[in-house]
Each structure stands twice: as C-alpha cells, then as structure tokens.
Amino acid sequence: MTKNVVVGIGKAGINLLDEWILAEEPSGLFYALDADFSSVEGSLAERRILLGKEATKGLGTCGDLELASKIFEEEEPRIEQILEECEHLLVLSGLGGAMGSAGLQFFSRKASERIKTLSSIAFLPFHSEAFSRQDTARKTVQELLEFPHQFIFFSNEKAKGVFGPADDPLRVYRNLNKKVSSIISCWYHLTQAATEEAPFDSTNFPSLLFVEDFYSFSLRGVEKLPDKIQPYLQPAKDVGLEQNRKVAWVCFFLSPTKTEEDLRSLFKAEESLFDRFYLSIIRENRENMDAREEGFVLIGNAAGEKFIETEIEKQLERTDTILADNKSSTQPDDGLQKDSISTGIFTKGYKTVHKGVNLDLPAFLRKGISIKI
Amino acid sequence: MFWKKEWPILVGLEIGTSKIACSVAELREGGELYLLGIAESPSLNVRKGEIVDFELAQKSVHDAIVEAEAKTNVAIEEVYLAISGAHIRSFNSKVVISLGEDGDRIDQKHLMELRSLVRQQALPTGQILLHDLLKTYSLDDGTLTENPIGLFSKKLTAEYHLISGIATRLQTTVRCVKELSIDICNYCLSIFATAQAVLTRSQKMQGAIVIDLGAGLTDYIVYHGGIIVHSGVIGVGQDHLTNDLALALRIPFPQAEEIKKHFGSFKLGSESIKKRLTTSNHLLPEERLVPYNAIVKIMRARQEEIFEIIKEDLEMQSFWPHFTGTIYLTGGGSKIDGVEELAQKIFGHPVKLAESLPFKGDQSYLDRPDLYTVLGLLRYGRIFEMESLKEGLLGKMRSSLLRFLGNIKFLN
C-alpha cells in the first residue's frame, strides 16, 4: 500500500499540485481530478482522471455545485481506488468553484468512513469573485466542520499585496501557489518518513486553520524572525472571540548536524505568544543539506464552528465594506481604485473617476447592494 | 444622381456611443425647417462619446452619411457636428470694459470687445474653447439687460457661460469627419443641441434642466430665466447600466443590452419581487431564471448614482436655491420605465420626458428621444444659416472664413 497520495481537484487544486511537482519533482502517486478536459489534460500529475465525461462532455461544471456533487457520487467506483491504495491523503482544492468544493466534501466523507487520515489545503476566493462563489465557499467550509480532518484555508484576498501587487491577482495567485507548495512538501516528507514506531501524527497539522500570514525563512534568517512574527499577532487578537485560537506552525527542513533543540530554542519566546504552537521538523538525508535548511512559519486562527462562521461571513461582509468605503478610503496617488473587479467593456478607454472613485466599476458592488441571483 | 435642391440644406451629425446619426433638413421660406430624414449606423468602438478605434469609427460615420444621402437624395458636403465627451468642462466668466469717467453710449464695437476679451481667457493647458454663450450684460448701476446697445454707462460687464474641451480628443472627432471630405460648418455641444430640439423659449424662461441619458455619457444643461447658467457632462451613461447587468448576471454585453431594453425598469415593487426572467446564457448549456428584482436593483443603483452626481453638482451652483423650473429627460435612457419617478425623488423638482419641438416633413423620428441631438443640430444650424442669409454674400464669405479659421483651430 502506498503511504501517501496527493490529489488536486478542480482547476485551483491541479494548479497547486502542478506547482509542487514542478518545484520538487517528487516520486509518488499524484492525481489530478476535474470535469474540465483542458485542466486535466494539461496537468503534470501522473494520474489524470476526467470526471463527468457524460454529463459535461469535458467542458467542466461551470460552477454548478449540484452537478459536481452528482458527478462525484456517480464516479465513486473510479475514485474509491485512490482511497483504498493509500494511508494518508492530501487534498488540494479551491473553494468557491464546483469541483474543488464538492470534491473536498466527497473525499472528507469517504476518508472518514474508511478511517484514513486526510489533510487538505484549500483556497478561499478573492473578494472580487462572484458572490455565488463566496457563498459556495462558505457553505463548503461549514460542511467540512463535521469531519475530523486537518484543513488549512488560504484566503486569496489576504495574499494580495503580500505575494504580489494587489492589482495583479494572477501574480498573487501564482506566487501563493509557489509558497503553499512548501506545505505540501512538509506533509509529503512527514508522511513518507513515518514508520510503525514513529507513525505520522496528523494532529501535528493544525486543523481548520485560517491562515493570517505565511513567512518562509532559512536558518540564517531565523534570528530575525521574532520581529517579523510580531506584527501578525495583532489581527488574531482583534478577532475577540473566545473560541478563537492563535496558532503558529513552524515547519523546518533540518540538516542532521542540528538538533531539534537548536531549532526549538529559537522559538521559545514565540511559543508563549500562541495558543497552539506546532513545530514540524523534517530531516533529509541529502548531501547538500545546507541549501535545504529552510522552512516556513504559518500563522493563523483556528477555532470552533462559531469562529469559522464569523470568519467566512466577515469575508463576505468585507467585500461589501471595501467596495462601499471606496469613497472615503485613501486613494492611491493617481486617484484610481486599485481593485481587480472587472470593469467589463470599460477596461479599454478612459476611466471615469469621480471624487477618487472609479465609476466604471459596477455601482451595485460599490454601494454594497446585495443581489441574489 | 442627386437632386439639385431648391432650398438651403442643413445636415446634423452626431458621433454617439451607440450610434452615428445624421439628420438632413431643408431650410424653407421664413426659416422653417423641413426634415428630409435621419440615417443611423451602429457605432463601432466609440466609448463614452469618444473614438477608441479611428478606422472603425470612420467607417460607421461613412455608413451613416451614405445612408443619409440615399434616404434624402442630398449630396452631403458639410455638417453641423455635435461634440461631447467626459473631458468637456463648463464654467462662468465675467469680463468688464471701462467706458470712460463720464460714461459712453454702448454700441456694437463694445460688445465685440467684450467677446474678444472673454475669448482671450487663459484655459488649462491643452484645452480649447468650444462655446462662449452670453448670459447677460450689466451696467454700472447693476441693471441687467440682454441688449445694452444705445444705453449709457461708465462700465459694461458681460457674463458668459464658457464650454471648453481637450483639443487632442476633439481633433480625433473632427478628423474622423474631415477625412471623409466633409466640411464642418460649426460645432455644437451635444446637450446644447438637444436643448434646442426640446425647449421652447417660454420653457427656458420658466427654468429648465435638460438631462440627456445617452449611451456613453450623461449630459445636462440648465436654463434659468431664459439663459444658460450651467452645463455638464458625466462620463457615465446607459452602457454602464448594461455593463453592470452583464457583470452581475455573467452574461455577454449584447444579451444584457437586450434584457435592459425589454425588461429594464427602475420601479421596485411587490410585483418585481415575484417576477422572474428566463435568460439563455451562451456560457451555460441551459437557460436560467433571473429574479426581475435583481435587474431592477442593479439598474437603479447605477441610475440613482448618475442623478446624485448631477444633483451634487447643481447644489454647488448659485442658481440652485432659486431654481423652480422643470427637469426634462431625454436620450435613450429616458425610455426606461420609472425613470421620471426616480429623477423626481432625487431632484425634488417636477420631471417630464422631453418632447421634440414640431418639425415639418418626415414625422417618424419625433418620438425618438435618442435622436433629439441631431434634430437640435438642425435648429442650431438654422441660426447660423439665417444670419448669413440676412447678411447676404458678404455674410456668407465671413461665415466661410470663420468656419475655415475654426477648423484650423481644431486641426493645429
């Protein structure tokens, strides 16, 4: 039996999987699943499965969550094999679209039934994406609460301005994928190194974590790390919910010459700042280990159901607030609103700016009027 | 073969965002306009009243001219051109001349001097003066008059409403027409032309605001006490409503335009909540239901914003607290259900849908508010034509020279 299998579902999941394969060139079983022929066909994964061939003719589900769920149920015999041949499963997906959302729910349910460990990395949509996508993401996260697995949620929106310019979501998304692929590496190495004596403990992975910040570092840069962590604690404190927990997860690829204590001592001061502090150390027996002495710090909020509901609601609210507040917010020097919301046919030509507000952007969005379609 | 016309011919041309319209009329005895016809062709790559793709736009203009010639049997050689764009600015300006310590009798040369002074006003870099519309003259004792000739005063003040635009952007429009070997008789701000088509003298005296809800732009002009006191252009029009619908419903722009035309409304009511529309989406394999209420909300949000921007601007003007007139809506957007009520709610003044003043000849265009600008261009042209007819051959030569100089002004 294979120890670990990584599955990328939907366009976002497959993109992330491909990014990791490109960076690590790992050996193992990796699956790309989607109803869209173009995304499955173009994947670097060894095993590519086109789902719902009959229903969508390879054209994808076009955001139809119901159809995607139906496809997963119908294709169960083909997918079951993936679960049967592994001990640990890592699911990569985007939430908001149909296949990623339905797929993550499906695998979570099946893994629970078969008592397999499942970890997942999922992206939450940009605020500029359609309300229906935000809604799907919210519902999916709520559904996932009932499963005892490890879920890490990355907000695409929060990555704006951190992993790329705020007005270039494509670049943000690409760089975020690159960074997140190091978490896949971490999971992959930890599961691969597990033995009967030292089994993979999935509780070493933070569960239902909404990532606030992500910071990669090398051993040489570790001494400076505390300063860099400090500012990011504030957002977690501000949430002000009893159930909210501030969580940090440090994952490090350590050379055999260093001990775990060496690393742990560096984070002594930080451990007390968080409600939960995870430290994962991966030892690699590569020759050139100096180059590999690097890791990442992931800081976020993890908590119970109430917190998660609030967090997702907050995201939706934020879409309204940000857009509605454009009039009052400080505008960049050119007076134009730097947002990635489409201006449709007005993308070309002169922008209409009135009192610092780009009037080419949809009025109902800027005014925060909710439209149920 | 074109007929040789017995009467002088007037042609109005408007390069609009949604269409190019060309109106042709005869100027008959006593200055009566006889409408021969209007030709239209869809605008290609014109955004917010400005040309984005020169060649495509020129082709549309060419199509409209050719169709107008075919429809009216007139060889079009010169046109009155409507000018608009979000870059158009308007402001009021006063100029004063001294008539000596003992005063002097005011004559034509004093008025010419005032006009020449106002035209010398420094404009922002790159801007060019389009219109200098006289508001009023005032004498040293504060008397206001429209015609001060023959009166005595120590000084004479003239107040003008000036309209300017960015020269480079106007050049594109002008060249687009001139390169088709069509002469431009004169330029006219679109909304000024529209007002000529819909307002009577008494309406102007009572106070009137004309708001043209065009596809790419929303223009407005204010008459208070019979004179123009304010005008403005906003780079937001009915295309924005369509664009909002397209983005919200995730449907192509032409389909959103169809929805707006056939089902568009600004009326929120209990009926609209229940109603649902079926729309086919090229991106989706099957038809889907869209709540009617959502369409109303999307459109209303945009139209409200447009009216609020206009109101904000009007509130900053000195005439606004004293304004008791009526607001007239025109342009394609005025056909949308509930627009009058919405405007009335925001402005707090009586709102009416504008109607074209009567024309002789072809009557089939008079109920088309989106054609009122080209109809107004004919009335604007009539003023110039009548003047030159009055002045005879010398006047014609003078107006030709002025036209030539005007064209140079734009093309340099």
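What counts and what doesn't
- Counting of residues starts from 1 at the beginning of each chain's written sequence and follows it residue by residue.
- The naming scheme follows written order: chains are lettered A onward, ligands numbered 1 onward.
- The predicted origin of the model limits local features to residues at a pLDDT of at least 70 and limits the giving and counting of side-chain atom pairs to 80 or more, whereas totals for whole chains, interfaces and linings rest on all residues.
- Hydrogens and waters are ignored; side-chain quantities use all the structure's heavy atoms.
- Working convention: axes come from line fits to C-alpha atoms, limited for helices to the stretch in contact. Angles between N-to-C directions cover 0 to 180 degrees.
- Elements are defined by DSSP. Helices are runs of H or I of four residues or more, strands are runs of E of two residues or more, and each kind is numbered from the N terminus.
- Between 65 and 115 degrees an angle is taken as roughly perpendicular, under 35 as roughly parallel, over 145 as roughly antiparallel, and anywhere else as oblique.
- With the far helix as reference, a near helix turned anticlockwise by less than a right angle produces a left-handed crossing, and one turned clockwise produces a right-handed crossing.
- We call two residues in contact whenever any of their non-hydrogen atoms come within 4.5 Å of each other.
- Accessibility here uses a 1.4 Å probe with only protein chains present; expressed as a share of the type maximum, an area under 20% marks a residue as buried, one over 50% as exposed, and anything in between as partly exposed.
- What qualifies as a polar contact is a pair of N or O atoms within 3.5 Å, subject to a donor-acceptor requirement within protein and to the restriction that residues adjacent in sequence count only when both atoms come from side chains.
- Strand pairing is assigned whenever DSSP identifies at least 2 bridges connecting the two strands.
- Confidence scores here are pLDDT values: one per residue, from the predictor, ranging 0 to 100.

**So, the packing of helix H1 (residues 54–72) of chain B against helix H3 (residues 167–178) of chain B**
Residues and elements named next belong to chain B.
- Where H1 contacts H3, the axes come no closer than 9 Å and their chain directions differ by 50°. By the criterion of interaxial angle, the relationship of H1 to H3 is oblique. By crossing handedness, the relation of H1 to H3 is classed as right-handed. Across the interface between the two elements, Phe54, Ala57, Gln58 and Val61 of H1 pack against Thr172, Arg175 and Cys176 of H3.

**Remarks on the side chain of Asp360(A)**
- Among the structural elements, Asp360(A) can be located in the loop between strand S12 (357–358) and helix H15 (363–366).
- We classify Asp360(A) as buried; its relative accessible area is 1%.
- Of the polar contacts made by the side chain of Asp360(A), one reaches the backbone nitrogen of Thr352(A); its length is 3.3 Å.
- Non-local contacts of Asp360(A), meaning those with residues more than four positions away in its chain, are made with Thr343(A), Phe346(A), Tyr350(A), Lys351(A), Thr352(A), Lys48(B), His240(B), Asn243(B) and Arg302(B).

**Points about the sheet that holds strand S3 (residues 32–42) of chain B**
All names here are of chain B.
- Pairing in this open sheet of six strands is mixed, and the strands run S13-S6-S1-S2-S3-S21 from one edge to the other. With one partner strand each, in any of the chains shown, strand S13 (183–189) and strand S21 (360–361) form the two edges of the open sheet.
- One ladder, built from 10 bridges, connects strand S2 (residues 19–28) with S3; its direction is antiparallel. The residue bridging Arg28 from the neighbouring strand is Glu32, located in S3.

**Some remarks on the confidence of the model for chain B**
Residue and element names in this part refer to chain B.
- Across chain B, the average pLDDT comes to 86, with 88% of residues at 70 or higher.
- A low-confidence stretch, residues 281–285 stays under pLDDT 50, and its non-local contacts, those more than four residues away or across chains, total 12 contacts.
- In this model residues 404–412 is a low-confidence stretch, pLDDT under 50, and it forms 18 contacts with partners more than four residues away in sequence or in other chains.
- Overall fold confidence for the complex sits at a pTM of 0.58, while the interface term, ipTM, reaches 0.85.

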